[in-house]
Amino acid sequence: MKYLYYPGCSAGGTGKAYDESVVEVFKALDSGLVELDDWNCCGATAYMAVDEAKAFALAARNLALAEDQYPDEDEIHIVAPCSACYLGLLKAKRYTEADPKIGGQIRRALKAADLEYKGKCEVRNPLDIFVNDIGLDKLKELAVRPLEGLKVACYYGCQIVRPYSEFDEPSNPVTMDKILKAMGAEIVEWPCKTRCCGGMLTWSTGAGKELNYILLKEAWKAGADVIATACPLCQFNLECFQDKIRAKYDFNEEMPVAYYTQLMGLALGIDESKLGMKRLFVPPKIPTLTG
Amino acid sequence: MDKWGGQLALEQMELDPVFAERMTRKAWGENLRRCIQCGTCTGTCPLSEYMDYGPRKIISMVRAGNKKDVLECKTIWLCASCYECAVECPKEIKITDVMYALKQQALLEGKSPKKLPVPVLDREFFNIVKKRGRNHEMWLIAITILKTNWLIGLGLATMGIKLMAQGRLPIFDEAIKVGTGKKGDLKKIMDACDEIEREEASA
Ligand code: SF4
Ligand code: SF4
């Protein structure tokens, strides 16, 4: 079994800190990631809005490439940290394997480039791997710098937990809660774990910003010091529009929004500089680090 | 005013059964007729408050073949693809995919609202990825703003500068080679899709 890393397009840009912290955390857990060579965009939500057949074929190319590059592996686990990538690849896998019509189209398109998908790929999210492959006991053992005193609101967003994923509950997921608890943090209860961040609407519409206002306000009301996210777009939306939200709504706080893998990395004793902490607008204050 | 006088809010005169039929031929479509109009989708949708029609109405409009209103509305572009409705629907209707299919059709027929950034962004995203295999965040936002409402751009300038300083908005973004003609070439795959779609359309 092999873990193959699929960074996704935002890993080189807005989501750089996610990429950095995911890679570092896997290293610290002795499960080093190898990057899939020549990978292409998963299609996210935008590609599917333009062309169905192409969106499926685009995502499926990554699965076929993985099999082509590792022909001797019986099982390849593609690690997709970004929510949209995770869903895009998983959706393509499901349709290729189970839908006769779309599956046939995808196979035919791949064949034109001399590729074939045999069904040896599993699409995995790191949340799933940390809880089910590595295990909470081991994580706890490795947390040399527990996040004591840090109150975290775990935010999962939408596409990691629904509709195709099976490793967690669609409306009340718990994997991130468990992981960060094992890292020593205190998890706050709040009602917005999977409520929408507005996705691609946030930068361009008031409605999107209003959704983020609701999330920020609820996290703050619940007493969170930081919102932990598992998706580059959620992180961006929640973090980067706070000035506009403060200007329009009755909300005057600066809420840190970090990737849960950054918080994990800190607890695992990884140096801050390797986790992209400086790439956050408002870095969280970690009581055990600042004394 | 005569409440029962017959006032059409929608242009329901223009019903198009071919459109209804066509939509049910998409990946998700076969179970569309099972919708019981319970409203669970609209109730759970975080964006229904901002839509011109909620998802429930959209489903009934598609079924009725109310093509014009459905393709020209803002609702479909306000769907953030959060899949909340789809997991809650008691009839397991893939509402998110219905929204996708409507977006595809609206773009194909040039019916999407022109000044709305989302449809423009979707098409630009598609073009960028077709050319270079991967997205280019800065280019995507810039071109969308130029084509829709540059005032949004002014509002985003400070944030953009901050992101650049943090190394989160690179001017040169990584890409893959498209059009190599070799094994795995993305262009070959896309060309094959075009061919499949041409066959579908003529069938
Ligand atoms: S939840 Fe499902 S059955 Fe109910 S109105 Fe929406 S689409 Fe129809
Ligand atoms: S997928 Fe779209 S229509 Fe469904 S709940 Fe989410 S935003 Fe609303």
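Residues numbered from 1 in each chain as written. Chains lettered and ligands numbered in written order. Predicted model: local features only at pLDDT ≥ 70, side-chain atom pairs only at ≥ 80, totals over all residues. Heavy atoms only, no water.

1. Here we look at the overall build of chain A
Right, on to step 1. Per the secondary structure count, chain A includes 13 helices and eight strands.
Right, on to step 2. The C-alpha radius of gyration of chain A comes to 19 Å, within 12% of the 19 Å expected for a compact globule of 291 residues.
Right, on to step 3. Dimensions of chain A, computed from the C-alpha atoms along their principal axes, are close to 55 × 45 × 30 Å.
Right, on to step 4. Taking all 291 residues of chain A together, the buried fraction comes to 66%.
Right, on to step 5. The contacts in chain A between residues at least 6 apart in sequence include a share of 77% that link residues at least 24 apart.
Right, on to step 6. Summing over all exposed atoms, chain A offers an accessible surface of approximately 10,200 Å²; the carbon and sulfur share of this is 47%.
Right, on to step 7. Charge-centre separation for chain A: the mean point of 34 positive side chains lies 4 Å from the mean point of 41 negative side chains. (Helix = DSSP H or I, 4+ residues; strand = E, 2+ residues; numbered from the N terminus. Rg over C-alpha atoms; globule rule 2.2 N^0.38 Å. Buried < 20%, exposed > 50% of the residue type's maximum accessible area, 1.4 Å probe, protein only. Contact = heavy atoms within 4.5 Å. Areas by Shrake-Rupley, 256 points an atom, 1.4 Å probe, with all protein chains shown as cover. Lys, Arg positive; Asp, Glu negative; His and termini not counted. Charge placed at Lys NZ, Arg CZ, Asp CG, Glu CD.)

2. Some remarks on the site of ligand 1
Right, on to step 1. The local shell around ligand 1 holds 13 residues, among which B:Cys35, B:Cys38, B:Gly39, B:Cys41 and B:Cys89 are the closest.
Right, on to step 2. When grouped by side-chain class, the residues that make up the shell around ligand 1 number eight nonpolar, three polar and two charged. (Near = heavy atom within 4 Å. Nonpolar A, V, L, I, M, F, W, Y, C, P; charged D, E, K, R; others polar.)

3. A look at the interface of chain B and chain A
Think of interface size as the accessible area that goes away when the parts come together; that is how it is often given.
Right, on to step 1. With 63 residues of chain B at the interface, the matching set in chain A holds 65 residues.
Right, on to step 2. Carbon and sulfur atoms make up 63% of the surface buried where chain B meets chain A, a total of about 5,900 Å² over both sides.
Right, on to step 3. Viewed at the interface, chain A and chain B are joined by nine salt bridges.
Right, on to step 4. Residue A:Glu239 pairs with B:Arg168 through a salt bridge whose shortest N-O separation is 3.0 Å.
Right, on to step 5. Among the secondary structure elements, those contributing two or more residues to the side of chain B that touches chain A are helix H5 (75-78), helix H6 (84-88), helix H7 (95-108), helix H8 (117-132), helix H9 (137-147), helix H10 (150-165) and helix H11 (186-202) of chain B. (Buried area = accessible area lost by both parts, 1.4 Å probe. Salt bridge = Lys/Arg side-chain N within 4 Å of Asp/Glu carboxyl O.)

4. Some details on the domain arrangement of chain A
Residues and elements named next belong to chain A.
Right, on to step 1. Partitioning chain A into domains gives domain 1 (36-124) and domain 2 (136-290).
Right, on to step 2. Distance between the C-alpha centres of domain 1 and domain 2: 29 Å.
Right, on to step 3. Counting residues at the interface gives eleven residues for domain 1 and 13 residues for domain 2.
Right, on to step 4. Surface buried jointly by domain 1 and domain 2 totals about 980 Å² across both partners, of which 61% is contributed by carbon and sulfur atoms.
Right, on to step 5. Ranking the residues of domain 1 by area buried against domain 2 places Ser-83, Tyr-86 and Leu-87 at the top, with a combined share of 49%.
Right, on to step 6. For the pair domain 1 and domain 2, the interface holds one salt bridge.
Right, on to step 7. Put simply, Glu-166 and Arg-94 hold a salt bridge, and the shortest N to O gap is 3.7 Å. (Domains from an automatic or database assignment.)

5. A look at the domain arrangement of chain B
Right, on to step 1. By the assigned domains, chain B splits into domain 1 (7-108) and domain 2 (117-202).
Right, on to step 2. Summarising the inter-unit geometry, the C-alpha centres of domain 1 of chain B and domain 2 of chain B are found 27 Å apart.

6. Here we look at the nonpolar core
Right, on to step 1. Membership of the largest hydrophobic core comes to 175 residues, with the highest contact counts inside it found for A:Phe130, A:Leu180, A:Tyr260, A:Leu263 and B:Leu102.
Right, on to step 2. Here this core gets ten residues from one element, more than from any other, and that element is helix H3 (residues 52-69) of chain A.
Right, on to step 3. Ignoring any residue separated from it by four or fewer positions in sequence, one finds A:Leu263 in contact with A:Leu147, A:Leu150, A:Val152, A:Leu180, A:Val226, A:Ala228, A:Ala258, A:Pro284 and A:Ile286. (Core = buried A, V, L, I, M, F, W, Y, C linked by side-chain atoms within 4.5 Å.)

7. Digging into unusual backbone geometry
Right, on to step 1. Cis peptide bonds are those with omega within 30 degrees of zero, and the linkage from A:Arg162 to A:Pro163 qualifies with 0°.
Right, on to step 2. In this fold, A:Pro163 is placed in the loop between strand S5 (151-155) and helix H8 (175-182).
Right, on to step 3. For B:Tyr83, which is not glycine, the phi torsion reads 65° and is therefore positive.
Right, on to step 4. By secondary structure assignment, the location of B:Tyr83 is in the loop between H5 and H6.
Right, on to step 5. Of the residues examined, B:Tyr83 reaches a relative accessible area of 2% and is grouped as buried.
Right, on to step 6. Within the chain, B:Glu92 stands out as a residue other than glycine whose phi angle is a positive 55°.
Right, on to step 7. A relative accessible area of 59% means that B:Glu92 is categorised as exposed.

8. Notes on H8(B)
Residues and elements named next belong to chain B.
Right, on to step 1. Here H8 contains 16 residues, and its C-alpha end-to-end distance of 22 Å stays within 8% of the 22 Å for a straight helix at 1.5 Å per residue.
Right, on to step 2. In terms of residue burial, H8 counts as a mostly covered element, since twelve of its 16 residues are buried.
Right, on to step 3. Once H8 finishes, Gly-133 follows within two positions and takes phi at roughly 75°, a positive value. (Expected span 1.5 Å × (residues − 1).)

9. Here we look at the pairing of S5(A)
All names here are of chain A.
Right, on to step 1. Burial analysis of S5 places four of its five residues in the buried class, which makes it a mostly covered element.
Right, on to step 2. Sheet topology note: the S5/strand S6 (residues 186-187) ladder contains two bridges and is parallel. Each bridged residue has a counterpart across the sheet, and for Val-152 the counterpart in S6 is Ile-187.
Right, on to step 3. Between the parallel elements S5 and S6, the chain passes through H8 in a crossover that is right-handed.
Right, on to step 4. Judged from the four bridges that link them, S5 and strand S7 (residues 226-229) form a sheet pairing that is parallel. Bridging from a neighbouring strand, Cys-154 pairs with Ala-228 of S7. (Pairing = 2+ DSSP bridges. Right-handed = clockwise from strand over helix to strand, strands pointing away.)

10. Observations concerning a negative patch on the surface
Residue and element names in this part refer to chain A.
Right, on to step 1. There is a patch of like negative charges on the surface, built from Asp-72, Asp-74, Glu-75 and Glu-122.
Right, on to step 2. By the secondary structure assignment, Asp-72 is in the loop between H3 and strand S3 (76-79).
Right, on to step 3. On the basis of relative accessible area, Asp-72 is assigned to the exposed category, the value being 74%. (Patch = residues over 30% accessible without salt bridge, like charges linked within 9 Å, V, L, I, M, F, W, Y side chains within 5 Å.)

11. Some details on the side chain of A:Arg124
Residue and element names in this part refer to chain A.
Right, on to step 1. Following the sequence through the fold, Arg-124 ends up in strand S4 (residues 121-124).
Right, on to step 2. When its relative accessible area of 9% is taken as the criterion, Arg-124 is described as buried.
Right, on to step 3. At a separation of 2.8 Å, a polar atom in the side chain of Arg-124 contacts the side chain of Asp-128.
Right, on to step 4. Non-local contacts of Arg-124, meaning those with residues more than four positions away in its chain, are made with His-77, Ile-78, Val-79, Ala-80, Tyr-86, Ile-129 and Asp-133. (Polar contact = N/O pair within 3.5 Å; in protein donor to acceptor, adjacent residues only side chain to side chain.)

12. So, the environment of A:Gly15
Residues and elements named next belong to chain A.
Right, on to step 1. Position of Gly-15 among the secondary structure elements: in the loop between strand S1 (2-5) and helix H1 (16-28).
Right, on to step 2. For Gly-15, a relative accessible area of 2% gives the class buried.
Right, on to step 3. Residues in contact with Gly-15, not counting those within four places in the same chain, are Ser-10, Pro-232 and Tyr-259.

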